[in-house]
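What follows is the residue order along each chain.
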Amino acid sequence: MDKLNVLSEIFDLDLVDKADDNYILISKSEDSEARIHFINKFGDKLHFQINVKKILEVSND
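A few points on the structure. As the structure is a computational prediction, the values presented were derived from the model and not from experiment.

A look at the overall build of the protein chain
Of the regular secondary structure elements, the protein chain holds one helix and three strands. Secondary structure elements in the protein chain, listed N-terminal to C-terminal, are α-β-β-β. Seen along its three principal axes, the alpha-carbon backbone of the protein chain occupies a region of about 40 × 25 × 15 Å. Put simply, the protein chain has 61 residues, and 23% of those count as buried. Across the protein chain, contacts joining residues at least 24 apart in sequence account for 20% of those joining residues at least 6 apart. When the accessible surface of the protein chain is split by element, carbon and sulfur atoms take 48% of a total near 5400 Å². Put simply, the protein chain has 8 plus and 13 minus side-chain charges, and the middle of one group is 8 Å from the middle of the other.

Structural notes on the side chain of Ser 32
With respect to the helices and strands, the residue Ser 32 is situated in the loop between β1 (23–27) and β2 (34–39). A polar atom in the side chain of Ser 32 sits 3.2 Å from the backbone oxygen of Ala 34. The contacts of Ser 32, once residues within four sequence positions are left out, are Asn 51, Val 52 and Lys 53.

Some details on the pairing of β1
In the sheet, β1 pairs with β2 via five bridges, with the strands oriented antiparallel. Paired with Tyr 23 across the two strands is Ile 39, which belongs to β2. Linking β1 back to β2 in an antiparallel pair, the connection comprises six residues.

Conventions and cut-offs
Residues numbered from 1 in each chain as written. Predicted model: local features only at pLDDT ≥ 70, side-chain atom pairs only at ≥ 80, totals over all residues. Heavy atoms only, no water. Helix = DSSP H or I, 4+ residues; strand = E, 2+ residues; numbered from the N terminus. Buried < 20%, exposed > 50% of the residue type's maximum accessible area, 1.4 Å probe, protein only. Contact = heavy atoms within 4.5 Å. Areas by Shrake-Rupley, 256 points an atom, 1.4 Å probe, with all protein chains shown as cover. Lys, Arg positive; Asp, Glu negative; His and termini not counted. Charge placed at Lys NZ, Arg CZ, Asp CG, Glu CD. Polar contact = N/O pair within 3.5 Å; in protein donor to acceptor, adjacent residues only side chain to side chain. Pairing = 2+ DSSP bridges.

Take a look at the structure:
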């Protein structure tokens, strides 16, 4: 799941084990590379999610 850490750079978010504020939860999925869930500061999962189908490496040449 380390390759999903690049998503924290895209969203400009720190990787943490526990959050006290609004956060996103990145999890593995059987039908996609990952799912991004949005969690509010009360711990409630919002009805909006992003399914990541593929992560591509792009060179900066």
